[in-house]
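Structural characterization, general
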Amino acid sequence: MKEGPDIAQIGALIGDPARANMLAALSGGRALTATELAAVGGITLQTASTHLAKLQTGGLLTQRKQGRHRYFTLADEATARLIESMMGFAASRGHLRHRMGPKEPALRKARICYDHLAGDYGVRMLDSLVASGAIDALGESLSVTSKGESQLKCIGVDISDLKSSRRPLCRSCLDWSERRAHLAGSLGKALLSNFFDKGWARRTAGSRSVIFSPEGERQFLSLFPLEA
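Notes on the structure follow. The shown structure was predicted, so the numbers you read here are calculated from the model rather than taken from an experiment.

This part is about the overall build of the chain. Counting its secondary structure elements, the chain contains 11 helices and 11 strands. Taking 2.2 N^0.38 as the reference for a compact globule, 228 residues should give roughly 17 Å; the C-alpha atoms of the chain span a radius of gyration of 18 Å, in line with that estimate. The principal-axis extents of the C-alpha atoms in the chain amount to approximately 50 × 45 × 40 Å. For the chain, the proportion of its 228 residues judged to be buried stands at 40%.

Let's shift gears to the nonpolar core. Leu117, Leu187 and Phe195 are the most contacted members of the largest nonpolar core, which has 30 residues in total. Put simply, the parts of the chain that give this core at least two residues each are α7 (119-131), β7 (141-144), α8 (146-155), α9 (159-163), α10 (185-197) and β11 (210-212). Here this core gets five residues from one element, more than from any other, and that element is α10. Setting aside chain neighbours within four positions, we find Leu187 in contact with Ile135, Val144, Leu152, Val157, Ile159, Leu162, Leu169 and Cys170. Listed in part, the 16 residues of the second largest apolar core include Leu60, Leu61, Ala80 and Ile83.

Right, let's get into the side chain of Ser132. Along the polypeptide, Ser132 turns up in the loop between α7 and β6 (135-138). Of note is the side chain of Ser132, whose polar atom sits 3.2 Å from the backbone oxygen of Leu129.

Conventions used here
- Residues numbered from 1 in each chain as written.
- Predicted model: local features only at pLDDT ≥ 70, side-chain atom pairs only at ≥ 80, totals over all residues.
- Heavy atoms only, no water.
- Helix = DSSP H or I, 4+ residues; strand = E, 2+ residues; numbered from the N terminus.
- Rg over C-alpha atoms; globule rule 2.2 N^0.38 Å.
- Buried < 20%, exposed > 50% of the residue type's maximum accessible area, 1.4 Å probe, protein only.
- Core = buried A, V, L, I, M, F, W, Y, C linked by side-chain atoms within 4.5 Å.
- Contact = heavy atoms within 4.5 Å.
- Polar contact = N/O pair within 3.5 Å; in protein donor to acceptor, adjacent residues only side chain to side chain.

Printed below as a string of structure tokens:
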């Protein structure tokens, strides 16, 4: 009799190519319909519905109904971290599905991972916050310092509001393209939302890419220099 968690079930759910493509598409944080996910998976709507039911039963997806449509999202942040870390592991072992195309440079530069900033800019932001003393990093454990609270408040992110959330304030998330950590948790989400609200960056339709405006890029690079 075997004991402990059954990772084979999760592996089997994610291991199907169509389901893997759908999970990767949902890791951008957007809710998608079964029709949209069928197109991502390269399968029929009927087949997609079967796959989505399996993913939902397995605890990887959740759905909500709005009007006549049903929208699917990843179950939670833990699911997003799992998918992102698996993508990083696959990339580190050379398991790439296609040659580099025009979309990949933008994805590698800045993209959404569930609800926070990933890619080169996401890693740069965390590195800069650690280097400046705004965040203490002990292994994978991250915590905001008193200096960091003041620094972030000047940007427009009030840490006291985020501390009241049940969600972890800071979390390290392995970046699949950089293969290093970027900032997740409620602070990661708040910072990305702040960039969007200020008009520094925007999402790209049909992609996880985040595009910074010239002014937004200038402000971002100034706030988060490579060296403190």
